[in-house]
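# Understanding the architecture of this molecule
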Amino acid sequence: MRYVFGNWKMNGTIAFTRDYVKALLNEVRPATVQVALFPPFTALSNMADAVNGSFVKFGSQNMYFEESGAFTGEISPAMLEEIGVDYVLLGHSERRHIFNESDELLMKKLEAAHRHNFPVVFCIGETLDERKSGVTKDVIKRQLILVKDLLRLGDLVAYEPVWAIGTGVTPTMDEIAESISWVKDYLKTDIPVLYGGSVNKGNAKDIAAINIVDGALVGGASLKVDEFAIIIKAFGENN
Ligand code: 13P
């Protein structure tokens, strides 16, 4: 099984969600690819209705670790449970860098997600400065060290180099293979590891051809149904 997940970030209204899912269900019927969509919180409930009974799973882009209380603007695990999300995405580079989420906070979020039995998509990745200074492997380890022994069957890790996100620039195929194998060597489990960062219809085939890449976490290109469908098909063909 491979995985093609679409992270819509702060894009996508309720109306967009309905139209998108209808179009996607007409466009693809993947047998060997697990597809999941991560819309904003405001569209999660509608997403639940739209994908109900189909091959598409869905999840939230974030979650707070407390159960309830005075945490203005945050969303609790129980709230997501009520909607019935299939996954919780944690540690996205935008959460880490724009909203200063630390490794310690992300560990608490992961524990809370597990308490509620949500599989987690845990994101990691180095900045351009870190890559240039040759510390990519150390960064990957630092981001995984607190959660390494907590990750469990059903969870996924997404390796997304920060400098490849939304830039149209990707690492070479060899570099992607190398980083993903570092992650796998470090985790020493069968947890699937996805690649993310400027995956599009033009490079999906090449990325999918890398055997150890278990799938893709797609940002911008997941907002266009036809492009996302091409990416899903590319990963299906390379199983
Ligand atoms: P882009 O595909 O837009 O580069 O974003 C990747 C990403 O951050 C997915 O989580």
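In case you missed it, the structure is sitting above this.
Residues numbered from 1 in each chain as written. Predicted model: local features only at pLDDT ≥ 70, side-chain atom pairs only at ≥ 80, totals over all residues. Heavy atoms only, no water.

### A look at the sheet that holds strand β6 (residues 156-159)
Reading around the barrel, the 8 strands line up as β1-β2-β3-β4-β5-β6-β7-β8 and close back on themselves, with parallel pairing between neighbours. Geometrically, the sheet is characterised by an average inter-axis angle of 25° between neighbouring strands, direction not taken into account. By the bridge criterion, 2 bridges tie strand β3 (residues 56-60) to strand β4 (residues 87-90) in an arrangement that is parallel. Across the sheet, the residue bridging to glycine 59 is tyrosine 87, located in β4. Relative to strand β5 (residues 120-124), helix α7 (residues 136-145) is tilted by about 145°, and along the sheet it contacts β5 and β6. Across the face of the sheet, helix α8 (residues 173-187) comes into contact with β5, β6 and β7 (193-196) while running at roughly 145° to β7. (Pairing = 2+ DSSP bridges. Helix = DSSP H or I, 4+ residues; strand = E, 2+ residues; numbered from the N terminus. Axes fitted to C-alpha atoms, helices over the stretch in contact; angles between N-to-C directions. Contact = heavy atoms within 4.5 Å.)

### Digging into helix α2 (residues 44-51)
Taken residue by residue, α2 has Leu44, Asn46, Met47, Ala48 and Val51 as its buried positions. Those residues of α2 that are buried are in contact with α1 (14-27), β2 (33-38), β3 and α3 (77-83). Among the residues trailing α2, glycine 53 stands out with phi positive, at a value near 80°. (Buried < 20%, exposed > 50% of the residue type's maximum accessible area, 1.4 Å probe, protein only.)

### Topic: the pairing of strand β8 (residues 215-218)
Burial along β8 is two-sided: the residues Gly215 and Leu217 and Ala216 and Val218 are all buried. Pairing analysis gives 4 bridges linking strand β1 (residues 2-7) to β8, with the strands arranged parallel. Opposite phenylalanine 5, over in β8, you have leucine 217 as the bridge partner. Where β7 and β8 come together, 2 bridges link them in parallel fashion. Bridge pairing in β8 links glycine 196 to leucine 217.

### Examining the nonpolar core
With 61 residues, the main nonpolar core has Leu24, Leu37, Phe122, Leu144, Tyr195, Phe228 and Phe235 as its most contacted residues. Sort the elements by how many residues they give to this core and helix α10 (residues 225-237) lands first, with 7 residues. Leaving out residues up to four positions away in the same chain, leucine 24 has contacts with Val35, Leu37, Val56, Val225, Phe228 and Ile232. Listed in part, the 12 residues of the second largest apolar core include Ala36, Leu89, Leu194 and Leu217. (Core = buried A, V, L, I, M, F, W, Y, C linked by side-chain atoms within 4.5 Å.)

### Notes on the side chain of histidine 116
Position of histidine 116 among the secondary structure elements: in the loop between α5 (103-115) and β5. Among residues more than four places away in sequence, those in contact with histidine 116 are Glu67, Pro77, Ala78 and Glu81.

### Overview of the packing of aromatic side chains
Overall, the coordinates contain 10 aromatic pairs when judged by the stated rule. Relative to phenylalanine 16, the ring of tryptophan 8 has its centre 5.0 Å away and its plane inclined at 75°; by these criteria the two rings are edge-to-face. Judged by centre distance (6.3 Å) and plane angle (40°), the ring pair of phenylalanine 38 and tyrosine 87 falls under tilted. Pair noted here: phenylalanine 38 is in strand β2 and tyrosine 87 is in strand β4, with a separation of 49 residues, a long-range link. The pair formed by phenylalanine 38 and tyrosine 87 is uniform in burial state, with each residue classed as buried. Among the aromatic residues, those joined into a ring-pair cluster are Tyr3, Phe5, Phe38 and Tyr87. Above the plane of the ring of phenylalanine 99 lies arginine 95, whose end atom (NZ or CZ) is 4.1 Å from the centre. In this structure, lysine 148 is placed above the aromatic ring of tyrosine 186, and the distance from its NZ or CZ to the ring centre is 5.2 Å. (Phe/Tyr/Trp six-rings, centres within 6.5 Å; stacked < 30°, edge-to-face > 60°. Lys NZ or Arg CZ within 6 Å of the ring centre and 35° of its normal.)

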